[in-house]
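Chain by chain, the residues:
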Amino acid sequence: MHKTYDAVVAGHICLDISPIIASDKMHALDEWFTPGRLINLSGVTVSGGGVVANTGFALKKLGFSVLPVTSLGDDVFGRVLGGIIETHTGKKIAPNPTIRTSYSLIFAVKGFDRMIFHDPAGNNTFSTKDISLKAVGQARLFHFGYPPLMRNMYVNGGEDLVRMYRSVYDLGVVTSLDMSLPDVDSEVGQVDWLSMMAKTLPFVDFFLPSAEEALYIFDRVEYQRVKEAANGRDFTTMLDMKKICALGQRMLDMGCAAAGVKCGDKGLYLKTASDKRLARLESVLGIDAHEWADRELFEEAYHVADLKSALAAGDTAIAGFLGAALRGESVFAAVKAACMAGALCCTRYDAISGLCGMDDLKEKIKKQPEKNRDDVLTADFWFDAEKKTWVK
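Attention in this report is confined to the structure presented alongside it. Quantities reported herein were computed from a predicted structural model and do not represent experimental measurements.

Moving on to the side chain of Ser309. Among the secondary structure elements, Ser309 is positioned in the loop between strand S12 (296–300) and helix H13 (313–326). Ser309 has contacts with Cys345, Cys346, Arg348 and Tyr349, leaving out every residue within four places of it along the chain.

Spelled out as structure tokens, the structure:
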């Protein structure tokens, strides 16, 4: 059956304002942010942010037809962001005069993970009512992102999030979910995310959180250990891969078809369910359910020699993964496409200008560029020389 769109990408959006810090010297974090200190900048990048911009625009650049679904205010930021959306997708978003447009200030400091100052604004009012199920039914894939930054999605035990996924799942559309890390000191930090995921994941085919998000939801003790051990450095530097593998199984037990955990510059972990659970994906996407089934993989990240910014690398990695699935490619091709898309994102200060079409992406992968070799693989993986992927 012909579909109008390859993917509907819905949920969180914001205007990303990313100052470029002039100095590339390493400093302690408290030296960077000292009251009264002047920090020289050497330009600024203004772009769309959030899942609709990052993953949606990336899918479009990879060669897929995308329908963005999100909320914009009728204000200066909304007009700028609306123009960006139209430029990248050819689609217009009608502004809502009753809300403010969300924005983020993003600082990428050498030696540390990026710091984001974020105002959710109109994202907090977004609900299932803002989604046309008729339009979603004209797509093969529905991808939604960042419920912790969208209040209507997490209040009342996440009933609106569950309702949305059940409705889309029942349409026969393949579903995908990305997360964001809750602000532990705000209302969202008090939400029982574990209970919410238990109700949502039976209607999610691809669940694709970061390692930090996944540990926060499913293993708070390990999350706290890693956070303290990292001591302000990138969270993924102190990951225990055995704990990540345990998360993969737990996510599948809750009902999703495939659990992918983004591990930063280490790579991507993926665990898949049975061919019976994957059968609906085969009928919609054309993947080989038997080939995808019962896999446990770790694909190391591609090395980026001249890293500009890791902003949105996880979101673009998801786009690479979903792009391969939309083309009916193998599970091994999907994890490689994810890692290559994430790496290409890191070669630019913005999220998508470093990306290319899927065919060019595959050509880059064929050249077998250098990987970020690491000692993360301490959980009984072995390297499959034919597939060139760590398997278990």
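We now examine the sheet that holds strand S5 (residues 103–107). Pairing is mixed in the open sheet, where four strands are placed in the order S3-S2-S5-S6. Sheet topology places strand S3 (41–49) and strand S6 (115–119) at the edges, where each strand pairs with a single neighbour. Within the sheet, the average angular offset between the axes of one strand and its neighbour, ignoring direction, is 15°. Sheet topology places strand S2 (residues 14–21) next to S3; seven bridges connect them, and they run antiparallel. Opposite Asp16, over in S3, you have Ser47 as the bridge partner. On top of the sheet, helix H2 (residues 50–62) reaches S2 and S3; it is set at about 90° to S3, its chief contact. Strands in contact with helix H3 (residues 76–89) are S2, S3 and S5; relative to S2, the strand with the most contacts, it is inclined by about 90°.

Moving on, we come to a nonpolar patch on the surface. On the surface, a cluster of nonpolar side chains totalling about 320 Å² of accessible area is made up of Val44, Val46, Val76 and Val80. Elements with a minimum of two residues in the nonpolar patch: S3 and H3. Turning to its location among the elements, Val46 is positioned in strand S3.

Right, let's talk about the pairing of S2 for a bit. Summarising burial for S2: eight of the eight residues are buried, a large majority. Of the two faces of S2, both are covered, the one formed by Cys14, Asp16, Ser18 and Ile20 as well as the one formed by Leu15, Ile17, Pro19 and Ile21. Of the pairings in the sheet, the one linking S2 to S5 comprises three bridges and is parallel in character. Across the sheet, Ile17 pairs through a bridge with Leu105, a residue of S5.

Reading the values: the criteria
- Residues numbered from 1 in each chain as written.
- Predicted model: local features only at pLDDT ≥ 70, side-chain atom pairs only at ≥ 80, totals over all residues.
- Heavy atoms only, no water.
- Helix = DSSP H or I, 4+ residues; strand = E, 2+ residues; numbered from the N terminus.
- Contact = heavy atoms within 4.5 Å.
- Pairing = 2+ DSSP bridges.
- Axes fitted to C-alpha atoms, helices over the stretch in contact; angles between N-to-C directions.
- Patch = residues over 30% accessible without salt bridge, like charges linked within 9 Å, V, L, I, M, F, W, Y side chains within 5 Å.
- Areas by Shrake-Rupley, 256 points an atom, 1.4 Å probe, with all protein chains shown as cover.
- Salt bridge = Lys/Arg side-chain N within 4 Å of Asp/Glu carboxyl O.
- Buried < 20%, exposed > 50% of the residue type's maximum accessible area, 1.4 Å probe, protein only.

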